[in-house]
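Residues per chain are reported as follows:
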Amino acid sequence: MSDVNTGSSPRRHQVVVIGSGFGGLFGAKALRDADVDVTMIARTTHHLFQPLLYQVATGILSEGEIAPPTREVLSRQANATVLLGDVQSIDLEARTVTHQVLGRQSVTPYDSLLVAAGAGQSYFGNDQFAEFAPGMKSIDDALELRGRIFGAFELAENLAAKGENVDHLLTFVVVGAGPTGVEMAGQIAELAHRTLKRDFRFINTHEARVILLDAAPQVLPPFGAKLGAKTKKTLEKLGVEVQLGAMVVDVDERGLVVQDKDGTQRRIEAVTKMWAAGVQASPLSKTLAEQSGASLDRAGRIGVNPDLTLPGYPEVFVVGDMIALNNLPGVAQVAIQGAKYASREIKGRLKGKAPQEPFKYFDKGSMATISRFDAVAMVGKLRITGLIAWLMWLGVHLVYLTGFKNQVTALLHWTVTFLSNDRSERVATEQQIFARAALQRLPGGASELVSAPGSGNDRRAELEAIAAEESRLTDSGERGRVSDRTA
Ligand SMILES: Cc1cc2nc3c(=O)[nH]c(=O)nc-3n(C[C@H](O)[C@H](O)[C@H](O)COP(=O)(O)OP(=O)(O)OC[C@H]3O[C@@H](n4cnc5c(N)ncnc54)[C@H](O)[C@@H]3O)c2cc1C
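Residues numbered from 1 in each chain as written. Predicted model: local features only at pLDDT ≥ 70, side-chain atom pairs only at ≥ 80, totals over all residues. Heavy atoms only, no water.

The next point concerns the nonpolar core. In terms of nonpolar packing, the biggest core is built from 70 residues, with Leu52, Ile66, Met136, Phe153 and Met184 touching the most fellow members. When residues of this core are assigned to their parent elements, the largest contribution, 10 residues, is made by helix α5 (residues 139-161). Two domains each donate at least three residues to this core, and these are domain 1 (13-43 + 85-122 + 280-350) and domain 2 (127-277 + 372-436). Apart from the residues within four sequence positions on either side, leucine 52 is in contact with Leu61, Ile66, Trp393, His397, Leu401 and Trp414. Core analysis: the next-biggest nonpolar cluster, separate from the first, contains 49 residues, Val36, Ile90, Leu92 and Ala289 among them. (Core = buried A, V, L, I, M, F, W, Y, C linked by side-chain atoms within 4.5 Å. Buried < 20%, exposed > 50% of the residue type's maximum accessible area, 1.4 Å probe, protein only. Helix = DSSP H or I, 4+ residues; strand = E, 2+ residues; numbered from the N terminus. Domains from an automatic or database assignment. Contact = heavy atoms within 4.5 Å.)

Set out below in structure tokens:
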């Protein structure tokens, strides 16, 4: 086992946590009472409650309600520091993490490392689809989709007012019939068929088509055949067209091409598409695998030891969506329980305790909403559907939302949406739809829009002179005074 700083040296044991998602945040919190310094490095300033992203995309919740600032969440934890940074590399021999923000690079050393960088969307080798069919993994994704969905209705109203065809604007395609796809399709259908039905004059939003596509033969495969069939039926009652055995082979700005099981290809004209079809572990898995020799599976998940450590590197723990261990699912509880286990191990080592038993996941059940008042849930051998499952979904999501403030405002928004059918978060701006694509077209991304590290001193003198002149004009009363001089 590697050396562990036991606290007798002047420098405390340094724990670096990568990621502020479920694994990162719960791991850092579990170290609250430990004699360590915790540095959390994440590429966003918030902790994201991904299971409710679809509600941000469809105007039910605001982004702040599902993404509290990590800094605020950890503000009372004296041993925790939060750093914004995109981790580029991990040097397992030197025990350092290299991260950067807007071109500024930093290196942070560690004694113990908890890697919880999660997973991104997988387009199965067709990353070019992403521009036309955003995934559902981040606040940017959800806001972009919100802009695209509400924007499509606006454009349709404009064209319909001129008597033009709007079918391509009023067709919404969700790719992937897992929990996210089902929730998204159900919500777009409710939006079109209920929420927006009185808001437009030239289009009938009730005629909007919502298509849920999947190459697999059933909806919600992880929930089993019975719940899958029940979900399909409920979606169809809501007005969602469920097309199974349908593989997407091309996506462009105006639509997509689908190949059916018999090999025939057909095109669906749809401006608004969303991708919920696959996941790919963080590229940090590859970095770790290359240095440690650990295995990677097809989704890029890294093989870890039964105690969640990286083979050959007992001071490095990897948890959550990044790992391949005993076919564990990519769900929040796997990340939370794994992170708590890793934190317990770090604390135990510092106290000289024997290692814990291998990590064992306790499955608390899974659930997915289909529409308001209707959900499906699996708890142990129990299969629950309808209103009871929906109430369970409501309770669980409320309890797990981070922060009392967010729980109260989310409950208020849910009351508005579920009882009156209105939605409070319908703001859609051009930025939401186009800014990300514009940034991606800059070779250096956002860092091209700021000065290089260390520059800016020339500008300082100029800014100071402008401020001094502004202040002088106010103090001397010269503002607005008519000059004596003639032009
Ligand atoms: C739309 C959606 C709905 C879901 N619904 C459910 C559900 O209903 N129930 C359920 O149990 N699970 C659900 N999940 C899955 C669940 O959210 C994940 O299993 C869980 O978030 C995994 O936790 P994690 O800590 O491994 O990763 P994440 O929570 O994804 O956190 C990863 C963190 O790492 C950061 N990061 C990534 N790369 C870097 C880098 N290079 N440098 C710095 N930081 C980095 C990210 O910014 C993020 O903070 C859903 C997921 C999605 C996307």
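The next thing to look at is the sheet that holds strand β7 (residues 112-115). Read across the sheet, six strands follow the order β3-β2-β1-β7-β19-β18 without closing on themselves; strand pairing throughout is mixed. Looking along the sheet, the strands with just one partner apiece sit at the ends: β3 (80-84) and β18 (309-310). Bridge analysis of strand β1 (residues 13-18) against β7 gives four bridges, and the strand direction is parallel. Directly across from valine 16, in β7, lies its bridge partner leucine 113. (Pairing = 2+ DSSP bridges.)

The next point concerns the domain arrangement of the chain. Domains assigned within the chain are domain 1 (13-43 + 85-122 + 280-350) and domain 2 (127-277 + 372-436). Relative placement of domain 1 and domain 2: their C-alpha centres are 32 Å apart. Listed by partner, the interface residues are seven residues for domain 1 and eight residues for domain 2. Considering only the surface of domain 1 that becomes buried against domain 2, Gln121, Ser122 and Gln333 emerge as the three largest contributors, covering 61% of it. Run the count over domain 1 and domain 2 and you get zero salt bridges. Here domain 1 and domain 2 share three residue pairs in polar contact (both at pLDDT 80 or more) between them. Among the secondary structure elements, those contributing two or more residues to the side of domain 1 that touches domain 2 are β8 (119-121) and α9 (332-350). If you tally residues by element for the side of domain 1 that touches domain 2, the top one is β8, at three residues. (Buried area = accessible area lost by both parts, 1.4 Å probe. Salt bridge = Lys/Arg side-chain N within 4 Å of Asp/Glu carboxyl O. Polar contact = N/O pair within 3.5 Å; in protein donor to acceptor, adjacent residues only side chain to side chain.)

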